[in-house]
Amino acid sequence: MNAANPEYMSPDCLLRPGNTNCGGCGMSTGLTMLGRALASERYSMVIPACCGIVAAGAFPTTAYNVPVIASTFASSPAVASGVAAVNELNPGKDHRPNHVICWAGDGGTYDIGMATLSAAAERNEDLIYICYDNEIYGNTGGQRSSATPATARTTTTPGGKGETKKEIIQILAAHHIPYAATLSIAHPEDFQAKIQKAIGIKGFRFFLIHAPCPTGWKTEPAESVELVRLAVRSGVFPLYEVFNGVDYRINVEPDGTDPAVYYAKQKRFSGQEINLERVKTSLKRKNRRLRELASLSR
Amino acid sequence: MNMQLVTGNHAAGHSMSLAAEANRNARGSVCGIYPITPQTEIVEFVARYPFSKGKVIPVESEHSAMGVCIGASLNGARSFTASSSNGLAYMTENIVVAAFYRLPIVMAAVNRTLGPPWNIWADQGDSLMFRDFAWIQLYCDTNQDVADTTLLAFRLAEDKRVMLPVMVCMDAFIVSHTSMEIELATQDQVDRFLPDCKVPHRIDPSHPVTVGGMTVPQDTLTHRIELDEAMRQVPAVLEEHRARFKEIFGREVSGALTVYRTEDADRIFIASGTISISLRDIVDEWREKGEKVGMIKVKQFRPFPCEQLVELCRGASRIGVLDRNYSAGTGGIFWQEVKSCMQGQGEQMIQGYLLGVGGGDVVPETIREVVDDLGNRNAVASPIWKGIEQ
């Protein structure tokens, strides 16, 4: 079985053909992989303002083949908590799980939805929260968010961003949620295995997907999967999981690929003002710390 | 009879909890709660209620409290919450969504002055800022009115001809924290009054739809027209359920307007909330002096009962509107509504008075000054501020 198989496009899939997503959109591929991982599951989704809700298309049609609620920008975990509570009160005769999934961008997760997300995680709501992280406000044309990496140029950081990307997985881990993990569309088997692991866990589960946005990153749409593969190999976007906020496990070890290749393929990182040496130093520190946490958990 | 000495907050909490419990044979009840003075006792009451099929989610903000209600209601549960003042302001975005998604959510709004300057006393400016978002608004004057109107609100909101959220409003402290002996509903009565909550557009995995997808302007226009049509159903539907309320509970719950001694009145005063109780006594004083003075209490602010008001005021030459709220740059908000209803109806003098704005006590003497002023006035003036200490 190949989870990334583009032939997987039946009317029964989560994201139907004919949606409005851009070519090379990491979110779009992520949705396809999510749909495949959950093919035999019953679930609903709550999607705040982001490309994910635009992808549904115009009323009364929809690209989604599961119930979807469009929430206000900051509200998806709150709305999903209400949906999940009603599911819990109404288990149905078959007691078959009825999952609730939040599907939000990095703006809705790292920025405007942070308080709502933190509160739902602290209450350990029975939800799966998935952030597809394209590291900008993509839907509005590419402004900085607190997920934008240092040095990246956006329409609101024309000289490159001075600050470092927020460590969202560690913030969520600090809530002692049962499960938090990163996902890459370049690693579909790992993607599928971790989603399937998560649906067997009760409580708040958090995923972060590295989601290229060719229009915002100034990259070739055809290279999206290659880009995120380079990000995993070079340690820019490590694939790992955290159990109960303390037990770290690295799923794919970086192979020593020079991160410069990843940066060179993206025009958002080009320009005289960009200091790649500083970025590489901070990456080394981040990955060393991750390995230490993983070794403590063994 | 189940007479008890309770506060307005207790009355609201009791009715909401019994309404929630009454949905135990359907999809149950779920609400998001968050504290703010002076409504906190309402959510505390709900939080300790032993529901047989209900869940109370203590969230991190009013915005999320309404978010939880939206999710629960869209999944078919009965849902409700309470807030006040800046809490309502913080909740705004989701307040709009609740109505525009046609969700029958009931919210107790304890009217407290919006800050700054920070002040916890009664002023209706908080809930009145939501007058344009398709929430039905009912302003209560006593603890009994709060208890009964809350139950009526669920029946009205969930009526399939209406399917709109309802705000049950009461003056901070004067109602919320003052104890009165009232008759509280029993579970058996509420079970008979409220049918199972059915949200016809609730999500269903066997028929997946996207709630809230993008629309073109034409579809949004249709949506707004449907809101208008639903709002126009409210007066008749409310009367229907008031009649049923009387059958089950053996008492009246007040309707859109309560009329007092207006039959031959040439001066009519219009007020809402607790001011209307004091005003009633003052009307009696003037009647004893042989003056033709009457009053109308407005409970239903949205939809605004224009046609009835015009009809009731037809014989009066002077109308005074008493507002415990202020819309900067104009005047009292009830006054604006009354003026817009009366437009083209004749040469009546419609004078606005601002009483108790910011929560000051509205004492009988202040109302007497207002009644005097309208009688002696030669021409209409800008809204007149009362309660200024010399």
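The residue count restarts for each chain, going from 1 along the sequence in the order it is written. Throughout, the order in which chains and ligands are written sets their labels, letters from A for the former and numbers from 1 for the latter. For a predicted model such as this one, the threshold for reporting local features is a pLDDT of at least 70, and the threshold for listing and counting side-chain atom pairs is 80 or more; totals across whole chains, interfaces and linings nevertheless cover every residue.

(A) Region of interest: helix H4 (residues 85-100) of chain B. Residue and element names in this part refer to chain B. Where helices and strands are cited, they refer to DSSP runs of H or I of at least four residues and of E of at least two residues respectively, numbered from the N terminus. One less than the residue count of a helix, multiplied by 1.5 Å, gives the span that helix is expected to have. Over its 16 residues, H4 runs 22 Å from end to end, which matches the ideal 22 Å to within 8%, given 1.5 Å per residue. Bend is computed residue by residue as the angle between axes fitted to the seven residues ending at the residue and the seven residues starting at it. Bending of H4 peaks at approximately 65 degrees at the position of Thr 92. Buried, partly exposed and exposed are defined by the number of other C-beta atoms within 10 Å of a residue's own C-beta, namely 20 or more, between the two limits, and 12 or fewer respectively, with C-beta atoms placed from the backbone. Every buried residue of H4 is accounted for by Ser 85, Gly 87, Leu 88, Met 91, Asn 94, Ile 95, Val 97, Ala 98 and Ala 99. Where the residues of H4 are buried, they touch helix H3 (62-74), strand E4 (80-83), strand E5 (106-111) and helix H5 (125-128). Arg 102, located one to two residues past H4, shows a positive phi value of around 60 degrees. By the criterion used throughout, residues are in contact when their C-beta atoms, derived from the backbone, lie within 7 Å.

(B) Geometry of the interface of chain B and chain A. At the junction of the two partners, chain B supplies 38 residues and chain A supplies 36 residues. Contributing elements (two or more residues each) for the side of chain B that touches chain A: strand E2 (29-33), strand E3 (54-58), H3, H4 and strand E9 (210-211) of chain B. The nonpolar class holds Ala, Val, Leu, Ile, Met, Phe, Trp, Tyr, Cys and Pro. Asp, Glu, Lys and Arg form the charged class, and all remaining residues, Gly among them, are polar. Each residue belonging to the side of chain B that touches chain A can be placed in one class, and the counts come to 17 nonpolar, 14 polar and seven charged. A pair of strands counts as paired when DSSP detects no fewer than two bridges linking them. Direction of pairing for strand E2 (residues 68-70) of chain A relative to E9 of chain B: parallel, over a ladder of two bridges. If you follow Val 68 of chain A over to E9 of chain B, its bridge partner there is Thr 210 of chain B.

(C) Quick look at the sheet that holds strand E12 (residues 293-298) of chain B. Residue and element names in this part refer to chain B. Spatial ordering of the open sheet is given by E10-E12-E11-E14-E15-E16, a layout of six strands whose pairing is mixed. The sheet is open, and its two edges are formed by strand E10 (257-260) and strand E16 (384-385), each paired on a single side. Two elements, strand E11 (residues 267-271) and strand E14 (residues 318-323), share four bridges in a ladder whose sense is parallel. The partner of Phe 269 across the bridge, within E14, is Gly 320. Each of E10, E11, E12 and E14 touches helix H9 (residues 275-288); the most contacted strand, E12, lies at about 165 degrees to it. Axis definition: a line fit to C-alpha positions, over the contact stretch in the case of helices; interaxial angles, taken between N-to-C directions, run 0 to 180 degrees. In the packing of helix H10 (residues 306-313) onto the sheet, the strands contacted are E10, E11, E12 and E14, and the crossing angle to E10 comes to about 10 degrees.

(D) The pairing of E11 of chain B, seen in detail. Residues and elements named next belong to chain B. Within E11, five of the five residues are buried, which leaves it mostly tucked inside the rest of the structure. In E11, alternate side chains face the same way, and those of Arg 267, Phe 269 and Ala 271 on one face and Ile 268 and Ile 270 on the other are all buried. In this sheet, E12 lies alongside E11 in parallel orientation, the contact comprising five bridges. Its bridge partner lying in E12, Ala 271 is registered against Lys 297.

(E) A look at the domain arrangement of chain B. Residue and element names in this part refer to chain B. Segmentation of chain B into domains returns domain 1 (3-249) and domain 2 (258-385). Spacing between the C-alpha centres of domain 1 and domain 2 amounts to 28 Å. In this complex, domain 1 contributes 22 residues to the contact, which on the side of domain 2 involves 20 residues. When residues of the side of domain 1 that touches domain 2 are traced back to their parent elements, those giving at least two are H5, strand E6 (136-139) and helix H8 (217-249). Broken down by class, the residue content of the side of domain 1 that touches domain 2 amounts to twelve nonpolar, five polar and five charged. Delimitation of the domains relies on an automatic or database domain assignment.

(F) Representation of the sheet that holds strand E13 (residues 300-302) of chain B in the model. Residues and elements named next belong to chain B. On the basis of which strands lie adjacent, the open sheet formed by five strands has the order E4-E5-E7-E6-E13 and mixed pairing. Only two strands of the sheet have a single neighbouring strand rather than two, namely E4 and E13. Across this sheet, the average inter-strand angle for adjacent strands is 20 degrees, counted without regard to direction. Of the strand pairs in this sheet, E6 and strand E7 (residues 166-171) are connected by four bridges, and their pairing is parallel. Bridging across to E7, Leu 138 finds its partner in Val 168.

(G) Inspection of the packing of helix H3 (residues 76-89) of chain A against helix H5 (residues 114-122) of chain A at higher detail. All names here are of chain A. Two elements in contact, H3 and H5, have axes whose closest approach is 7 Å; the angle formed by their N-to-C orientations is 35 degrees. Taking contact as the criterion, the partners of Pro 77, Ala 78 and Ser 81 in H3 are, on H5, Thr 116, Leu 117 and Ala 120. In terms of residue class, the contact of H3 with H5 is built from four nonpolar, two polar and no charged.

(H) Spotlight on H9 of chain B. Residue and element names in this part refer to chain B. Counted at 1.5 Å a residue, the expected span for H9 with its 14 residues is 20 Å, and the 20 Å between its end C-alpha atoms agrees. Looking at H9, one finds that the buried residues are Ile 275, Ser 276, Leu 279, Val 283 and Trp 286. The arc that holds the buried residues of H9, viewed along the axis, is 75 degrees, so those residues lie on one side. The outward face of H9, more than 90 degrees from its buried face, is lined by the exposed residues Asp 281, Asp 284 and Glu 288. Next to the buried residues of H9 lie E10, E11, E12, E14 and helix H12 (364-376). Where H9 ends, the next residue or the one after it, Gly 290, has phi of about 90 degrees, a positive value. What the arc measures is the spread of directions leading from the helix axis to the C-beta atoms.

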